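# Residue-level structure breakdown
Chain residues, written in single-letter form:
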Amino acid sequence: MTAWNKFLDTFFNAKVMAKYLPDIVYGTWVTIELAVFIVLAGIGAGLVLALIRALGIRPLNWVIIFIVDLFRSLPPLVIIVLLYFGLPSAGWSPSAFLATWLSLTLVLAAFAEEIFWAGITSVHKGQWEAARSTGLRFGQTLISVVLPQALRLTVAPLTNRTIAITKGTALGTVVALHEILGMASSAVSNSYNPSPLMLGAAAYLILFIPVVVVARWIETKFAWKK
Amino acid sequence: MSKIVKAYGVHKHFGPLHVLKGVDLEVAERELVFVIGPSGSGKSTLLRCLNRLEQPSSGSIEIAGIDMLSPKTDINHARQHIGMVFQSFNLYPHMTALGNVMLALRKVAGMGRAEAERVAGAALERVGLGDRTHHRPAELSGGQQQRVAIARSIALEPKVMLFDEPTSALDPELVGSVLAVMRDLRESGMTMIVVSHEMSFAKNAADRVIFMDHGVIVEQGPPAAIFDAPAHERTKAFIGQIRQH
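What counts and what doesn't
Residues numbered from 1 in each chain as written. Chains lettered and ligands numbered in written order. Predicted model: local features only at pLDDT ≥ 70, side-chain atom pairs only at ≥ 80, totals over all residues. Heavy atoms only, no water. Helix = DSSP H or I, 4+ residues; strand = E, 2+ residues; numbered from the N terminus. Rg over C-alpha atoms; globule rule 2.2 N^0.38 Å. Buried < 20%, exposed > 50% of the residue type's maximum accessible area, 1.4 Å probe, protein only. Contact = heavy atoms within 4.5 Å. Areas by Shrake-Rupley, 256 points an atom, 1.4 Å probe, with all protein chains shown as cover. Salt bridge = Lys/Arg side-chain N within 4 Å of Asp/Glu carboxyl O. Pairing = 2+ DSSP bridges. Right-handed = clockwise from strand over helix to strand, strands pointing away.

Across its full length, chain B holds 9 helices and 10 strands. Against the globule reference of 18 Å for 245 residues, chain B gives a C-alpha radius of gyration of 18 Å, in line with a compact fold. In terms of its C-alpha atoms, chain B occupies a principal-axis envelope of roughly 55 × 45 × 35 Å. Relative to its 245 residues, chain B shows a buried fraction of 56%. Sequence separation of 24 or more characterises 66% of the internal contacts of chain B that already satisfy a separation of 6 or more. Accessible surface for chain B amounts to roughly 10,300 Å². Of this, 48% is attributable to carbon and sulfur atoms.

Before going further, it helps to spend a moment on the pattern of salt bridges. Per the counting criterion, the structure on display carries 14 salt bridges over all chains. Note that A:E129 and B:R48 form a salt bridge whose closest N and O atoms lie 2.5 Å from each other. Note that A:E129 is positioned in helix α6 (residues 125-133) and B:R48 in helix α1 (residues 43-50), a pairing that runs across two chains. With relative accessibility at 11%, the residue A:E129 sits in the buried group.

This part covers α1(B). Here α1(B) lies mainly inside the structure; 7 of its 8 residues are buried. When α1(B) is considered as a whole, its buried residues turn out to be B:K43, B:T45, B:L46, B:L47, B:R48, B:C49 and B:L50.

Attention shifts here to the pairing of strand β7 (residues 160-164) of chain B. For a regular strand, side-chain orientation follows a simple rule: the groups alternate between the two sheet faces. Residue and element names in this part refer to chain B. Burial analysis of β7 places 5 of its 5 residues in the buried class, which makes it a mostly covered element. By the bridge criterion, 4 bridges tie strand β6 (residues 82-85) to β7 in an arrangement that is parallel. Bridge pairing links I82 to V160 in β7. Where β7 lies against strand β8 (residues 191-195), 5 bridges are found, and the strand directions are parallel. When the sheet's bridge partners are listed, D164 is paired in β8 with V195. Handedness of the crossover is the feature at issue here: the chain leaves β7, passes through helix α6 (residues 172-187), returns alongside β8, and the resulting connection is right-handed.

Next up, the structure:
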């Protein structure tokens with residue numbers, strides 16, 4: 001066997017790939033499902049937290065800042081492991097899916113809150129004053145005047161952060177979540193051949209390249225037109 | 001003539017700074033009052049206290065019969081009747097001219113879309129921008145933006161209009177269009193309080209000029225008296241300075 005053939009046999013073994021393709025496809029669906037739930041819940045929670053923070057209630061803001069800083073500082077892997085292996089001692093055993101989803105949602109919510117908050121505070125004070133001087137209430141001003149301007153500024157950092165955190169779904173493999181990487185690794189152990197990992201990498205590319213392209217499109221579309 | 005603005009003993013502190021030191025201001029219906037004074041004299045703060053964009057430290061303010069400082073007053077309702085125009089226009093950049101004017105009509109005055117559109121269109125027509133309704137602020141000149149801002153206020157049919165240096169941010173050739181709109185408002189009988197240094201406009205249009213310095217009203221009177229024969233040294237010095245520009 002030549003070196004080249006050996007390389008192909010190791011990384012692109014057609015037989016092994018064909019055998020484990022259904023597993024990888026299954027893992028891909030798990031990853032997609034997980035990613036969608038993380039993005040929806042994480043960005044939603046981040047926005048809600050930022051809006052609450054805009055109310056300017058001091059003690060509440062300290063709580064929000066503490067939580068946000070906590071989850072921005074902790075490595076996502078640590079949170080996943082803590083939730084999955086730690087919570088059962090407290091009487092609740094989340095599934096691998098739930099533990100991974102919750103961990104990454106908390107991290108995304110924390111970063112999203114900071115990004116939304118930065119957007120809200122960067123809107124000029126005169127916008128608030130103009131709206132309030134016409135009789136708009138605080139909430140109306142926030143929703144109709146400030147938030148639309150803030151969101152434009154947040155699109156670029158938010159999409160980048162979302163992609164970074166969503167890729168973290170691969171961390172679920174440490175708690176035996178059957179997502180792409182998890183399925184690929186077990187296929188490797190069963191077949192003594194790393195080809196399934198190449199399939200897994202391909203699955204990630206197929207999944208995330210369109211997301212990256214769409215993100216770039218969104219960024220151009222929302223670029224501030226002064 | 002009945003007084004529509006009654007402010008007495010208004011004080012405002014910003015931390016250690018005592019910006020307003022007991023200002024009394026009465027404005028009659030249909031009166032146009034000009035407020036002049038050096039920067040830091042408290043004239044803008046006084047204006048902003050009137051609609052409570054700034055909370056006065058003490059004093060009493062009543063506008064169109066509404067006690068502005070009472071905790072029982074619905075401040076949002078009260079503000080609907082006090083128009084305010086800012087130096088920096090503060091138009092909503094994500095909305096068209098029409099959208100800028102319509103927002104408060106819909107959210108505050110509670111109009112339906114069609115009615116708000118009609119009223120907003122009429123207001124823009126009145127400030128000479130009937131052909132610019134679907135332009136965004138970025139597509140308008142400074143003078144046009146400020147006229148949209150005026151339309152945004154007058155569409156709500158305010159009882160008093162506050163102008164905070166409405167022409168200071170404009171290129172000289174655009175000032176005239178804004179002043180023309182203000183003159184039109186004046187002729188329609190709008191009560192106006194204007195912080196501005198547009199002396200020739202003040203001479204033609206103002207009923208009264210107030211000179212403020214260091215948080216107090218130093219003197220006030222008809223424009224001719226204040227501009228041509230001020231009684232106080234500080235007023236003299238200030239008028240001399242703005243004349244040179």
